Amino acid sequence: FGGETHAACRLALTAWSREAAGCQYPAEARALGAAITACSLPPVARAAVSQALFELLAQQRGQSVSELLSARPSGRGLPDSHVLVRDADDAAAVGEGAKTLKIKVGSGGTTDTEGDGADDDMARVRMIRARVGDDIVLRLDANGGWSPAAVRRVWPALIALRVDVIEEPCDLRLATNRAFIASLRDEFDGPGGQPQVFADEACRSVSDLATLSDVVDGVVVKPMLVGGVDVAATLCSAAAQRGLSVI
């Protein structure tokens with residue numbers, strides 16, 4: 001799960017562990033992050049190393065990792081989490097207290113009339129909404145799997161079903177798709193509201209934010225994929241400074 005193969009990650013971690021044996025890493029967060037970066041580890045391997053070393057440093061200081069990484073840690077408890085559901089039967093999770101459901105779409109099925117799976121996706125979403133009622137928050141994640149044409153076709157249904165968030169509706173790494181999303185949202189802008197658009201695959205570094213901040217409402221930051229908890233914290237801070245929400 002990430003930017004390198006299992007074999008490449010294992011090789012990188014094995015080499016790092018040999019070089020790191022007996023090393024004294026900096027006892028200050030920023031310097032520690034720089035020292036880890038200097039090891040030139042691929043993202044998932046770097047994430048493993050950073051998670052371990054920042055946790056050790058936090059323990060030595062009697063802090064949490066969030067206190068170590070932020071001058072103003074939130075101090076709040078865990079946020080409400082979501083439950084990943086596949087269909088209406090899966091949505092029984094609502095009975096266990098879940099208030100937000102996440103639904104994967106964009107699988108590219110070919111049983112619908114357009115052959116891109118979007119109509120089948122929306123049929124599932126409609127059944128889930130009917131099963132759980134209007135008070136449950138629905139978030140969709142397409143992983144960039146819909147074409148712009150499919151997004152355009154299902155957008156009115158997303159609005160009607162009061163979908164809260166759609167992650168990476170189409171591949172937002174492409175400038176043409178970012179322009180399409182901006183135009184689509186302008187077209188449907190009005191009092192009724194429309195889904196928030198979040199970037200996921202298109203956001204892996206601070207530099208990516210420059211092309212996304214005028215198009216999306218927020219970004220999904222996965223520490224394992226961006227290189228670790230320290231890199232993720234920097235990316236989250238930079239996104240917030242641009243007025244973007246963060247998952």
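Up top is the structure.
Source: prediction; values computed, not measured.

Visitor: Please explain the overall build of the chain as it appears in this structure.
Guide: Counting its regular elements, the chain contains 10 helices and 7 strands. If one aligns the C-alpha atoms of the chain with their principal axes, the spans along those axes are about 60 × 40 × 35 Å. Per-residue burial for the chain yields a buried fraction of 39% across its 247 residues. Long-range pairs, those at least 24 residues apart, make up 64% of the contacts in the chain between residues at least 6 apart in sequence. Put simply, the chain shows about 13200 Å² of open surface, and 52% of that area lies on carbon and sulfur atoms. Measuring between centres, the 25 positive side-chain charges of the chain sit 4 Å from its 32 negative side-chain charges.

Visitor: Would you take a moment to explain the state of the cysteines for this structure?
Guide: By definition, a disulfide links the sulfur atoms of two cysteine residues through a covalent bond. Tallied over the full model, the rule gives 0 disulfides. Note on Cys23: no disulfide assigned, nearest cysteine sulfur contributed by Cys39 at a separation of 8.0 Å. The closest cysteine sulfur to the non-disulfide-bonded Cys203 is located on Cys236, 8.8 Å from its own sulfur.

Visitor: Sorry, what's going on with the nonpolar core here?
Guide: Nonpolar side chains tend toward joint burial in soluble globular proteins. Leu101, Leu140, Trp146 and Leu172 are the most contacted members of the largest nonpolar core, which totals 45 residues. Per-element tally for this core: the top contributor is helix α6 (residues 148–160), with 6 residues. Not counting the four nearest positions on each side in its chain, Leu172 is found in contact with Asn177, Arg178, Ile181, Val197, Phe198, Ala199, Ala202, Leu212 and Val216. Membership of the second largest hydrophobic core comes to 17 residues, among which are Ala12, Leu41, Leu53 and Ala58.

Visitor: Sorry if this is basic, but what is going on with helix α2 (residues 29–37) here?
Guide: In an α-helix, one turn spans 3.6 residues, which is why side chains three or four residues apart end up on the same side. Within α2, burial applies to Ala29, Leu32, Gly33 and Ile36. Looking straight down α2, one finds that the buried residues subtend no more than 100 degrees of arc, so they occupy a single side. Next to the buried residues of α2 lie α3 (43–61), α4 (65–69) and α10 (229–241). Backbone nitrogen of Arg30 and a side-chain oxygen of the N-cap are separated by 3.0 Å at the start of α2; the cap is Glu28.

Visitor: Any chance you could explain the side chain of Glu167 here in plain terms?
Guide: In this fold, Glu167 is placed in strand β4 (residues 165–167). Accessibility expressed as a relative area gives 3% for Glu167, which makes it buried.

Parameters and conventions
Residues numbered from 1 in each chain as written. Predicted model: local features only at pLDDT ≥ 70, side-chain atom pairs only at ≥ 80, totals over all residues. Heavy atoms only, no water. Helix = DSSP H or I, 4+ residues; strand = E, 2+ residues; numbered from the N terminus. Buried < 20%, exposed > 50% of the residue type's maximum accessible area, 1.4 Å probe, protein only. Contact = heavy atoms within 4.5 Å. Areas by Shrake-Rupley, 256 points an atom, 1.4 Å probe, with all protein chains shown as cover. Lys, Arg positive; Asp, Glu negative; His and termini not counted. Charge placed at Lys NZ, Arg CZ, Asp CG, Glu CD. Disulfide = S-S within 2.5 Å. Core = buried A, V, L, I, M, F, W, Y, C linked by side-chain atoms within 4.5 Å. Arc of directions from axis to C-beta. Polar contact = N/O pair within 3.5 Å; in protein donor to acceptor, adjacent residues only side chain to side chain.

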